[in-house]
Amino acid sequence: MEHADWIAGIVSALLAAVGTVTAILALRTGASADRPGPTSNGLTQVGRVPSAASWLQDRRLRFDAGTMSRPGRTAVGAQILTGMGGVGKTQLAARFARQLVERRQLDLLVWVTASSRDAIVARYAEAATVLGLAGASVAASDAATRLLAWLAHTERRWLVVLDNLDSPADASGWWPPMSVASRTLVTSRVRDVTWDSDTRSVIPVGLFTPDEAAAYLHSAVTDPTHRDGAVELAADLGYLPIALAQATAYIRERRISCAEYRHELADQRNRLNTLLPDLTVLPDEHGTRLDATWSMSLDAVDRMEPAGLAAPILHMAGLLDPNAVPAGLFTTSAALTHLSRAAGFTQLATPNQVRQALHHLHRYHLITLDIDADLLQMHALVQRAIRDLPDPDSAGRTGRAAANALLQTWPHTERETATTALLRANATALRQHLGSLLHTPRIHPVLFRAGVSLGGTGHVAAAVDHFRDLHQIAERHLGPNHPDTLAARHELARWRGRAGDPVGAAKAYAELLTDRLQLLGGDHPQTLATRNSLAAWRGAAGDATGAAAAFAALLTDQAKILGLEHRQTLTTRNNLAYQRGQAGDAAGAAHAFAELLIDQARILGPDDPETLVTRSNLARFHRMTGNISGALDQFTALLPDMRRILGPDHPDTMVIRHRIADIRGSTGDPTGAATTYVELLADRMRLLGPDHPHTLANRHNLARCRGIAGDPVGAAAALAELLGHQSRVLGPDHPDTLTTRRELACWNARTGGTTEALRNLDTLLHDMLRVLGPDHPETLATRHELLDIRGTGGDPADAATALAELLTDQMRILGPNHTQTLTTRHRLTYWRTQAATLP
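Parameters at a glance
- Residues numbered from 1 in each chain as written.
- Predicted model: local features only at pLDDT ≥ 70, side-chain atom pairs only at ≥ 80, totals over all residues.
- Heavy atoms only, no water.
- Helix = DSSP H or I, 4+ residues; strand = E, 2+ residues; numbered from the N terminus.
- Rg over C-alpha atoms; globule rule 2.2 N^0.38 Å.
- Buried < 20%, exposed > 50% of the residue type's maximum accessible area, 1.4 Å probe, protein only.
- Contact = heavy atoms within 4.5 Å.
- Areas by Shrake-Rupley, 256 points an atom, 1.4 Å probe, with all protein chains shown as cover.
- Lys, Arg positive; Asp, Glu negative; His and termini not counted.
- Charge placed at Lys NZ, Arg CZ, Asp CG, Glu CD.
- Axes fitted to C-alpha atoms, helices over the stretch in contact; angles between N-to-C directions.
- Parallel < 35°, antiparallel > 145°, perpendicular 65-115°, else oblique.
- Left-handed = near helix turned anticlockwise from the far one by under 90°.
- Nonpolar A, V, L, I, M, F, W, Y, C, P; charged D, E, K, R; others polar.
- Core = buried A, V, L, I, M, F, W, Y, C linked by side-chain atoms within 4.5 Å.
- Salt bridge = Lys/Arg side-chain N within 4 Å of Asp/Glu carboxyl O.
- Polar contact = N/O pair within 3.5 Å; in protein donor to acceptor, adjacent residues only side chain to side chain.
- Phe/Tyr/Trp six-rings, centres within 6.5 Å; stacked < 30°, edge-to-face > 60°.
- Lys NZ or Arg CZ within 6 Å of the ring centre and 35° of its normal.
- Pairing = 2+ DSSP bridges.
- Expected span 1.5 Å × (residues − 1).
- pLDDT = per-residue confidence, 0-100.

A.B. asks: What exactly am I supposed to notice about the overall build of the chain here?
C.D. replies: Secondary structure assignment for the chain yields 34 helices and ten strands. The C-alpha radius of gyration computed for the chain amounts to 36 Å, which surpasses the reference 28 Å derived for 839 residues by more than 25%, pointing to a less compact arrangement than a globule. Dimensions of the chain along its principal axes, counting C-alpha atoms only, are 125 × 65 × 55 Å. Per-residue burial for the chain yields a buried fraction of 52% across its 839 residues. Considering only contacts in the chain between residues 6 or more positions apart, those separated by 24 or more positions represent 68%. Accessible area of the chain: about 35700 Å², with a carbon and sulfur share of 53%. Side chains of the chain carry 83 positive and 86 negative charges; the gap between the two charge centres is 1 Å.

A.B. asks: Hey, could you run me through the packing of helix H32 (residues 777-792) against helix H33 (residues 796-813) in this one?
C.D. replies: A pair of packed helices can be characterised by two numbers: the angle between their axes and the separation between those axes. Between H32 and H33, the least distance of the axes is 8 Å, while the angle of their chain directions is 165°. Regarding the angle of H32 to H33, the classification is roughly antiparallel. Crossing hand, H32 versus H33: left-handed. Touching Leu780, Arg783, His784, Leu787, Arg790 and Gly791 of H32 are Pro796, Asp798, Ala799, Ala802, Leu803, Glu805, Leu806, Asp809, Gln810 and Ile813, all from H33. A class-by-class count of the residues in the contact of H32 with H33 yields eight nonpolar, three polar and five charged.

A.B. asks: Could you clarify how one ought to interpret the nonpolar core in this entry?
C.D. replies: Nonpolar side chains in soluble globular proteins generally cluster together in the buried interior. Grouped together as the largest cluster of nonpolar side chains are 126 residues, with contacts concentrated most on Tyr261 and Phe330. Apart from the residues within four sequence positions on either side, Tyr261 is in contact with Leu233, Leu237, Ala247, Tyr250, Ile251, Ile256, Leu275 and Leu276. Formed by 29 residues, the second largest nonpolar core is a distinct cluster that contains Val112, Leu147, Ala171 and Trp174.

A.B. asks: Would you mind showing me how to read the pattern of salt bridges here?
C.D. replies: Think of it this way: side chains of opposite charge can pair up when their charged atoms draw near. What the rule picks out here adds up to 35 salt bridges. Taking the shortest distance from any N to any O, the salt bridge between Asp515 and Arg489 comes out at 2.6 Å. Within this pair, whereas Asp515 is found in helix H19 (residues 502-520), its partner Arg489 is found in helix H18 (residues 483-498), the two being separated by 26 residues in sequence. According to the relative accessible area criterion, Asp515 is partly exposed, its value standing at 24%. In this structure, Arg706 engages Asp711 in a salt bridge whose closest nitrogen and oxygen atoms are separated by 3.1 Å. With relative accessibility at 37%, the residue Arg706 sits in the partly exposed group.

A.B. asks: Looking at this model, I keep getting lost on helix H10 (residues 310-317). Mind explaining?
C.D. replies: An α-helical turn contains 3.6 residues, so a residue and the one three or four places further along point in the same direction. Across the eight residues of H10, eight count as buried, placing the element largely inside the fold. All of the buried residues along H10 are Ala310, Ala311, Pro312, Ile313, Leu314, His315, Met316 and Ala317. Among the structural elements, helix H9 (295-303), helix H11 (333-343), helix H12 (351-363), helix H13 (380-388) and helix H14 (395-409) are those in contact with the buried residues of H10.

A.B. asks: Help me out: how do you make sense of the side chain of Thr187 in this one?
C.D. replies: Within the element layout of this structure, Thr187 appears in strand S6 (residues 183-188). Residue class for Thr187 comes out buried when judged on its relative accessible area of 0%. At a separation of 2.5 Å, a polar atom in the side chain of Thr187 contacts the side chain of Asp163. Setting aside anything within four residues of it in sequence, one finds Thr187 in contact with Leu81, Lys89, Thr90, Ala93, Leu162, Asp163, Asn164 and Leu165.

A.B. asks: Could you clarify how one ought to interpret the packing of aromatic side chains in this entry?
C.D. replies: The relation between two aromatic rings is expressed through the spacing of the ring centres and the mutual angle of the planes. Using the criterion set out here, one finds seven aromatic pairs in the structure. On the numbers, 6.2 Å between centres and 40° between planes, the contact of Phe448 with Phe467 is tilted. Here Phe448, found in helix H16 (residues 445-456), pairs with Phe467, found in helix H17 (residues 460-478); they are 19 residues apart in sequence, far enough to count as distant. Residue classification places Phe448 among the buried positions, given a relative accessible area of 16%. Classification of Phe467 as buried rests on a relative accessible area of 0%. The cationic tip of Arg200 hangs over the ring face of Trp175; the distance from NZ or CZ to the ring centre is 4.0 Å. Across the ring face of Tyr830, the terminal group of Arg827 is positioned such that the distance to the ring centre comes to 4.6 Å.

A.B. asks: So what exactly am I meant to see when it comes to the environment of Ala373 here?
C.D. replies: Note that Ala373 resides in the loop between strand S9 (368-370) and strand S10 (375-377). Through-space distance from the C-alpha of Ala373 to that of Asn270 is 34 Å; in sequence the pair is 103 residues apart.

A.B. asks: Explain the sheet that holds S10 to me, please; I cannot follow it from the model alone.
C.D. replies: Within a sheet, neighbouring strands are paired by backbone hydrogen bonds and run either parallel or antiparallel to one another. The strand order across the open sheet formed by three strands is S8-S10-S9, and the pairing between neighbours is antiparallel. With one partner strand each, in any of the chains shown, strand S8 (325-326) and S9 form the two edges of the open sheet. One ladder, built from two bridges, connects S8 with S10; its direction is antiparallel. Looking across to S10, one finds that Val325 is bridged to Leu376.

A.B. asks: How do you make sense of helix H25 (residues 628-645) when you look at a structure like this?
C.D. replies: The end-to-end C-alpha separation of H25 is 26 Å, in line with the 26 Å expected for 18 residues at 1.5 Å each. When H25 is considered as a whole, its buried residues turn out to be Gly630, Ala631, Phe635, Leu638, Leu639 and Met642. In the core, the buried residues of H25 are packed alongside helix H24 (609-624) and helix H26 (651-666). For H25, the N-terminal cap is Asn627; the gap from its side-chain oxygen to the backbone nitrogen of Gly630 is 3.0 Å.

A.B. asks: Sorry, what's going on with unusual backbone geometry here?
C.D. replies: Note on backbone geometry: most residues besides glycine have negative phi, and most peptide bonds are trans. Residue Pro306 is reached from Glu305 by a cis peptide bond, and omega for that bond is 0°. Secondary-structure assignment places Pro306 in the loop between H9 and H10. One non-glycine residue, Arg104, adopts positive backbone phi at about 55°. For Arg104, a relative accessible area of 56% gives the class exposed. For Asn164, which is not glycine, the phi dihedral falls at a positive 60°. Note on placement: Asn164 falls in the loop between strand S5 (158-163) and S6. We classify Asn164 as partly exposed; its relative accessible area is 31%.

A.B. asks: Whenever I open this one, the confidence of the model for the chain confuses me. Can you help?
C.D. replies: Detailed reading of the predicted coordinates is not advisable wherever pLDDT is low. A residue-level look at the chain finds 90% of positions with pLDDT of 70 or above and a mean pLDDT of 86. Contacts for the low-pLDDT stretch residues 1-37, under 50 throughout, to residues beyond four places or in other chains number 114 contacts. Within the model, the stretch residues 60-74 combines pLDDT values under 50 with 30 contacts to residues more than four positions away or in other chains.

A.B. asks: Explain the pairing of strand S4 (residues 108-113) here, please?
C.D. replies: The two faces of the sheet receive side chains in turn, since in a regular strand these alternate between them. Within S4, five of the six residues are buried, leaving the element largely enclosed by the surrounding structure. Two elements, strand S2 (residues 44-46) and S4, share three bridges in a ladder whose sense is parallel. Counted as the bridge partner of Val46 is Val110 from S4. Examined bridge by bridge, S4 and S5 share six bridges and lie parallel to one another. Counterpart to Thr113 in the pairing with S5 is Asp163.

Okay, here's the thing in structure tokens:
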């Protein structure tokens, strides 16, 4: 029982110490002499225990004692403290040893710097000599063997520490025995599958918590006036104990503040070794500076088979996002080609060799590999140190290879997932670390891909900022007429329109077209593409008639240059038909789509995505001609083909589901439509995220269905909530935000708030005139709702007069057969009748 209680006490002491970042401790050293021999308290000590570090942070984490010992085991085996370099494993072991000495719970302490098998044997032999087990003439290996035999049978309480056992094979055959009264403690940078067994327990040693790091800085930065920015500095240093210790030593030495140190650290031009104390004044008996902490691990890994591959992998990873890098990136063809050349291989490295090297890097804590998620992490300071190492292959080639590999990893279809977000984060990291190396001699395509990913997943405002920045970079580095500069202008205009500024997009494309005509000529494919985009955004800005005319002229030129059966020519026929329908000729549009569908099915095939788009547009304009049932049948028949060809989760497939729900809601089944919208909203939230414009549009239509189904109060509440979300995500002037304001005012009017609705619609109309212009269909629709509610508010004659003026404008802009024009005619007749019945 006494032995069991004593063992439990030791286990508890070790458990309480686990997680203590022991690079910074302030316990007194105790009696640890440089030469071996018994101490005054009866302890025999062999080997020097490192002195305690300064500024103790007591991190007594709550560990379950069951994790430290095996059930039913009567003897104590070894505990292995494992973690990356600089987390304080040695100090943790030293603290534990001193605690046992101070409590008089040890008779023998053997501290071994286990840098090699010979070092282990030599220390054991020294202990055997001190204990009188072997004389000076006995060979070291024989003396060491006698020590292990004596440890197995003695009743004296002992502790053997194997410090820095970074090559587990060095201890093979030399492990201290299991003992009821004693224990073995190991520190290692290595994760090893052989560590954890029925006789050994692995104890991971990690970083400071943010609070602990801040507390340490508060103590270690002794001048209170220099503590400004301490919390932020702790985060910059990744809460790594050795980094905090050496940074604060530098701060004290240079008499600067934490904020000033942060500024110097953030400047990537400063090498890490210039921000650390001199080798002669390293704190806490550190043997190396931070920048060299991991070099021994890297050297060891790079010697392992496949030799030479680990270092170039680490150089590449050092340029990427420290939080998460797709492990598959390193097995792309671009990465394999680069890594093979950098490693000096005569043949292309295999994916299996790369995975083996990644495993070695993980084993030595240079990276953390999550096999299940296929991701790796790398501490930011390890990255910084690796980037500072001489790279024989140059950062530029390594970075461009990483960018090529990242591009090959990118999925073809954009969805707002953790994968696309981390890919963008890695592209951002590359851009930050490489700077102009990623901009010359051309803008690397991965930077365009990252911007398109932002917009394609719904972050349209961020996409505008991205391409505005990219355009400025291209103009500065490559000049205004470089193809990449023009391409950046093209994307900037595109996402400006998607972000709610179709007028600005059309203007930008008009300016771009002038330059491309001058630089490339009228027949160049990029010139034709710009004309296509300009016409499309003219239509989106409300000039459907002008857009149709522009598409007609473009179609003539494309037919001459590209031929009638070229894909781009067919796409322009689709766009022309669409704008004609938007301009009021729904029947003509439907006829044009029907003819186009025949040609596309023959030329591209019935399953081509462009053919599917035409089928969707044909159904849409059949609905606009009044053929509601025919449109519903066409959308319903299209949906299974979309699911089969594009997949059930493709955004275009969900658009068709949206169209079907919309028709059902407008033809007397708002409850059924609402049910469909609820299901669709769940899918869009899952695939696109809550901020995507399609998700927000889904919420708009769902709220509208609630109102039509008889719940105007619920519809108004849902629209008010949506309006706040759209204003934040899309901006107050985005057309979708403006449309929601109109819908909200209309439903508020139906719940009795006519006066407030009129005031809100009047304000909205001024905003639409400013943002969209007087001829935009949404502006016309808002005029209609404002006038109609005026009639409801008791002034049918005024409503009729104003609706007559609106009808004239709609006839001119939209044409006599447009849905809005027909609706205004109907309401004009109604209000004229109501006005005639007044006394």
